[in-house]
6 protein chains.
Amino acid sequence: MHRGIYPGRFQPFHLGHLNVVKWGLERLDELVILIGSAQESHTLSNPFTAGERIEMIRRAMREEGISGDRYYLVPIPDILMNNVWAYHVKMYVPSFEAVIARNPLVLRLFKEAGSEILVPPSFNREKYNSTLIRKYMITGEEWEGLVPSEVSSFIKSIKGDERLREIVGTDKR
Amino acid sequence: MHRGIYPGRFQPFHLGHLNVVKWGLERLDELVILIGSAQESHTLSNPFTAGERIEMIRRAMREEGISGDRYYLVPIPDILMNNVWAYHVKMYVPSFEAVIARNPLVLRLFKEAGSEILVPPSFNREKYNSTLIRKYMITGEEWEGLVPSEVSSFIKSIKGDERLREIVGTDKR
Amino acid sequence: MHRGIYPGRFQPFHLGHLNVVKWGLERLDELVILIGSAQESHTLSNPFTAGERIEMIRRAMREEGISGDRYYLVPIPDILMNNVWAYHVKMYVPSFEAVIARNPLVLRLFKEAGSEILVPPSFNREKYNSTLIRKYMITGEEWEGLVPSEVSSFIKSIKGDERLREIVGTDKR
Amino acid sequence: MHRGIYPGRFQPFHLGHLNVVKWGLERLDELVILIGSAQESHTLSNPFTAGERIEMIRRAMREEGISGDRYYLVPIPDILMNNVWAYHVKMYVPSFEAVIARNPLVLRLFKEAGSEILVPPSFNREKYNSTLIRKYMITGEEWEGLVPSEVSSFIKSIKGDERLREIVGTDKR
Amino acid sequence: MHRGIYPGRFQPFHLGHLNVVKWGLERLDELVILIGSAQESHTLSNPFTAGERIEMIRRAMREEGISGDRYYLVPIPDILMNNVWAYHVKMYVPSFEAVIARNPLVLRLFKEAGSEILVPPSFNREKYNSTLIRKYMITGEEWEGLVPSEVSSFIKSIKGDERLREIVGTDKR
Amino acid sequence: MHRGIYPGRFQPFHLGHLNVVKWGLERLDELVILIGSAQESHTLSNPFTAGERIEMIRRAMREEGISGDRYYLVPIPDILMNNVWAYHVKMYVPSFEAVIARNPLVLRLFKEAGSEILVPPSFNREKYNSTLIRKYMITGEEWEGLVPSEVSSFIKSIKGDERLREIVGTDKR
């Protein structure tokens, strides 16, 4: 059994993320999709709850015909101690050998913790980019084509784009 | 879609838990198995990490032929504020209508939060009981027959029973 | 202006507490009633939320004709660092000179922090005792006469005694 | 009984805040003034402790002849989980139906939690503005006329404006 | 350079602890004395602050003629996640190879984290025992001979034994 | 015995810091070097763990011939409550009279807590500046001459400058 983790915040889960998942599943038996900053929601950077992110990813997987037996969806809250973070992750997920990541800090921390590193191709990162997608949700530009269609219909069903527009301009609670 | 959650600590996941899961899946479209006290491990009451509990439940499900598309495995850390707990859960999991529980506090908190309550039959609770199983692991009595066979072989593969015996007598760190 | 604080958990606020408040208001210009363990509720030791405790004390005060301008009701969460606790309190309340307490640890910590100590008479502590009152709520014995009548009618209006009976037997979530 | 809450940081409490309180008390029987970010003090954005804010508001209320029986002053620490925040508030305060707020995030979170929303008029928000008042305290411009006179004399008695000037330029502890 | 850590709570530091330190310094170049539960004080199990424990150990070392260049005194707060604890320790102290411990949980956690284990002889554990020493302080029995003489004079100078007697009978704050 | 504390983050410990330590040791019998933000590491502002900072300071002290009996190295995590911070420090370190600091907030908080203040000369603060040194590590400019030679060789031995370059560009985990 060759298992790996794929950490991200998935705010929201887009087609770039989906490509990384598929790329990972070609190389690994099982993939743990690790949903970071699980305690956050209703902010400009983190509009969706962990539960909403679990649901949007599950729907995207079904749409793609990826069986629930190939992956895990694990939310994890922030711990605010970088040197301990990789071990915090290890506590929350089934044992794994590989880490899929491009973020230099994530790579560094898992390298120090002895994990195998898999760097995926960039899959058009300029286009498929969560920060940009959230910006389009606010300005009203087309964002639906950048995410799996099940994700865009889910976000609309919970009025997630409206939520984002509503909290724009909130300086600080 | 009728979705429910089933909260527990699953230290370890035993045949009583499995019966509740099956009972729930007959009544619901999807079940979120909520793994509580996720931050705990290596104690007499909570020997296994959240990740180990995820893995043992997944194996038990496969053994039973239950598809990964019917359920979610979500670890959640303690929050230490009972009045907020049910809403903390709602943040971590996909939206749900029903809660499967027998614990009076859990029932009370979700009732106050407006959830539908499903009380499962007891499924021989005196026999299938996590506290008892952990005790048998320590004393060396037969415990393997009380859990799904995939769970007992997983626990042995990680030497989980040995871990428990080793930390007996640890007063306090 | 001579101001003092009176720390307690007030689970629930009873006639002994009320006597201490009156005793304090004879000696001080203003009294801060400090509601400790504010994050706790729905347990056998701490059944009521901070908000419920604020409300029951306010009602008891009105019943006694004590003006809201003579006292403050301030909830404070636990901090779990005894050596810092008295300073944590100082941050949460208007400046004060005196502390009303009988608990030896509370006395010790405020003495070290330089406060004046006022030890009230015991006011029949064996009878007016929160632990005992919670026990009577569970067993169904008469408890209503041990608290101000506004407190007993408030607790009944929120079914607080029923809540306590319901969570009895809850081992641990 | 129609009760509402009015959340804010009140750094410091100014004439705009006072107008909202009066506006609220015309519409409600009782008002809970909720003092947020209670754990903060001695920073440029949050110079005053929760206790100092309680005291300045109490003094302003007395100056206005508003009885302590019409309102509550409740400090509450941050919880850093937006989706749970409205329920955290509910735990800390007496039960309420209405929320007075203009901040879009606060409105959103309480709407989702089922509260009635009261949006007050802006009361010359460009002029009565905490950020601006703190800036004037630092630069030495006239700020005293923007707050109730009891607030300005209280701040001067604790040398609060001097504190603010002293910590200017503190990059980070 | 061969460096090791010696974790303990040292409530108080006694002659058994001193013997372990000497035993360790014969085997290692440098020793990190790790003062656990650093956030605790003023309780029956943890009467002394981290700072007081640092000071008593330093005095005992000087009394023994052990140079400050051979050891480190590092306080560390609890983290409440056993699976991460050993890595939390690694973050707080200079890099080390060996761990001196007898507590089974501590041994287990550091073994899993890849450290070398050194189990010291018991050094008359029945006699030199912190729990017993704290009990003697309360009952007034002779305890001074069980700790280094610099420790007993330090504890008396801060009236530490009196503090312990004072907080006896404090049920719970 | 005249003892003082010198708080800082020491990211990294440079020649300016060393000059302050020497200046302090001329005025005090013992100095507690307090290593703040102990929980942080692997960020652009806080690249080194508390343990690495302890080790680099110890090496610098040895290089200077300063005996380990003259000073203490105490890491302390952030507490996020300014009004309580000085008392949190007092809990972690041996009792002290004086504080060496230039940061206005630190000065203010310890003045309010009753400590004696020692303001050291600036020792060429424009040149010996941690922010600048971290910047040079990233850009590859000469930084080695700005820190004690034992510190530069230690940082190189753990590849600390490489770590910093590696995490540049990490937006946010």
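Calculation criteria
Residues numbered from 1 in each chain as written. Chains lettered and ligands numbered in written order. Predicted model: local features only at pLDDT ≥ 70, side-chain atom pairs only at ≥ 80, totals over all residues. Heavy atoms only, no water. UniProt positions renumbered as here; feature names shortened; annotations may be inferred. Helix = DSSP H or I, 4+ residues; strand = E, 2+ residues; numbered from the N terminus. Rg over C-alpha atoms; globule rule 2.2 N^0.38 Å. Buried < 20%, exposed > 50% of the residue type's maximum accessible area, 1.4 Å probe, protein only. Least-squares fit on C-alpha atoms with pLDDT ≥ 70 in both. Contact = heavy atoms within 4.5 Å. Buried area = accessible area lost by both parts, 1.4 Å probe. Salt bridge = Lys/Arg side-chain N within 4 Å of Asp/Glu carboxyl O. Polar contact = N/O pair within 3.5 Å; in protein donor to acceptor, adjacent residues only side chain to side chain. Pairing = 2+ DSSP bridges. Axes fitted to C-alpha atoms, helices over the stretch in contact; angles between N-to-C directions. Parallel < 35°, antiparallel > 145°, perpendicular 65-115°, else oblique. Nonpolar A, V, L, I, M, F, W, Y, C, P; charged D, E, K, R; others polar.

Identification of chain A as Nicotinamide-nucleotide adenylyltransferase from Metallosphaera hakonensis JCM 8857 = DSM 7519 is taken from an unreviewed UniProt entry. What UniProt states about chain A under its Catalytic activity (unreviewed entry) heading is, verbatim, "beta-nicotinamide D-ribonucleotide + ATP + H(+) = diphosphate + NAD(+)".

*Asks:* Can you help me understand the overall build of chain A in this one?
*Replies:* Counting its secondary structure elements, chain A contains seven helices and five strands. Each helix and strand of chain A, ordered N terminal to C terminal, gives the series β-α-β-α-β-α-β-α-β-α-α-α. Computed over the C-alpha atoms, the radius of gyration of chain A is 16 Å, within 12% of the 16 Å expected from 2.2 N^0.38 for a compact globule of 173 residues. Its C-alpha atoms put chain A at 45 × 35 × 25 Å along the principal axes. When each of the 173 residues of chain A is scored for burial, the buried share is 61%.

*Asks:* What am I meant to see in the relation of the copies chain D and chain B here?
*Replies:* What relates the two chain copies is a rotation about an axis together with a slide along it. Each copy superposes on the other: chain D lies on chain B with an RMSD of 0.0 Å after a rotation of 180° and an axial shift of 0.0 Å. Overall, the copies show the geometry of a two-fold rotation axis.

*Asks:* Could you clarify how one ought to interpret the relation of the copies chain B and chain A in this entry?
*Replies:* Superposing chain B onto chain A requires a rotation of 180° together with a translation of 0.0 Å along the rotation axis, leaving an RMSD of 0.0 Å. Comparing interface residues between copies, 100% of those in chain B also sit at the interface in chain A, which points to an isologous, same-surface contact.

*Asks:* Looking at this model, I keep getting lost on the interface of chain B and chain A. Mind explaining?
*Replies:* Interface size is commonly expressed as the accessible surface area that is lost when the partners come together. Taken residue by residue, the interface counts 27 residues in chain B and 27 residues in chain A. Both faces considered, chain B and chain A share a buried interface measuring about 2100 Å² in area, 49% of it formed by carbon and sulfur atoms. Counting the surface chain B buries against chain A, the share from its top three residues, Arg-58, Met-91 and Tyr-92 of chain B, is 27%. Run the count over chain B and chain A and you get four salt bridges. For Glu-30 of chain B, the salt bridge goes to Arg-62 of chain A, with nearest N and O atoms at 2.4 Å. In this assembly, chain B and chain A are joined by 18 residue pairs in polar contact (both at pLDDT 80 or more). Listing elements by their share of the side of chain B that touches chain A, those giving two or more residues are helix 2 (50-64), strand 3 (71-75) and helix 3 (82-92) of chain B.

*Asks:* Would you mind going over the pattern of salt bridges with me for this structure?
*Replies:* Following the criterion strictly, the structure yields 67 salt bridges over all chains and no others. Overlapping salt bridges, with partners in common, bring together Glu-55, Arg-59, Arg-62 and Glu-150 of chain C together with Arg-3 and Glu-30 of chain D in one network.

*Asks:* What is the right way to look at the interface of chain D and chain B in this model?
*Replies:* Contacts between the two partners involve seven residues from chain D, matched on the other side by seven residues from chain B. A combined buried area of about 710 Å² lies between chain D and chain B, and 84% of that area is made up of carbon and sulfur atoms. Counting the contacts that link chain D with chain B gives zero salt bridges. Linking chain D with chain B are zero residue pairs in polar contact (both at pLDDT 80 or more), by the criterion used here.

*Asks:* What am I meant to see in the sheet that holds strand 2 (residues 30-35) of chain A here?
*Replies:* Each strand in a sheet pairs with another by means of backbone hydrogen bonds, the pair being arranged parallel or else antiparallel. Sheet architecture is open: five strands sit in the order 3-2-1-4-5 (chain A), paired in parallel fashion. Each of the sheet's edge strands pairs with one partner strand only, and the pair in question is strand 3 (71-75) and strand 5 (116-118) of chain A. Averaged over neighbouring strand pairs, the angle between their axes works out to 25° when direction is ignored. Bridge count between strand 1 (residues 3-8) of chain A and strand 2 of chain A: six bridges; the pairing is parallel. Pairing of Tyr-6 of chain A across the sheet is with Ile-33 of chain A, part of strand 2 of chain A. Along the sheet, helix 4 (residues 104-112) of chain A contacts strand 1, strand 4 (98-100) and strand 5 of chain A; its crossing angle with strand 5 of chain A, the most-contacted strand, is approximately 155°. Each of strand 1, strand 2 and strand 3 of chain A touches helix 2 of chain B; the most contacted strand, strand 3 of chain A, lies at about 145° to it.

*Asks:* In this structure, what is going on with the packing of helix 5 (residues 130-139) of chain C against helix 7 (residues 160-167) of chain C? I would like to understand it.
*Replies:* When two helices pack together, you describe them by how their axes are tilted relative to each other and by the distance separating the axes. All names here are of chain C. Running from N to C, helix 5 and helix 7 point in directions that differ by 80°, and their axes come no closer than 8 Å. The angle between helix 5 and helix 7 falls in the class roughly perpendicular. For the pair helix 5 and helix 7, contact is made by Arg-134, Met-137 and Ile-138 and by Asp-161, Leu-164 and Arg-165, respectively. Across the contact of helix 5 with helix 7, the residue classes tally to three nonpolar, no polar and three charged.

*Asks:* Please clarify how the arrangement of the chains should be interpreted in this entry.
*Replies:* For chain A and chain C, which are not in contact, the least C-alpha distance works out to 18 Å. Separated throughout, chain D and chain E approach each other most closely at a C-alpha pair spaced 18 Å apart.

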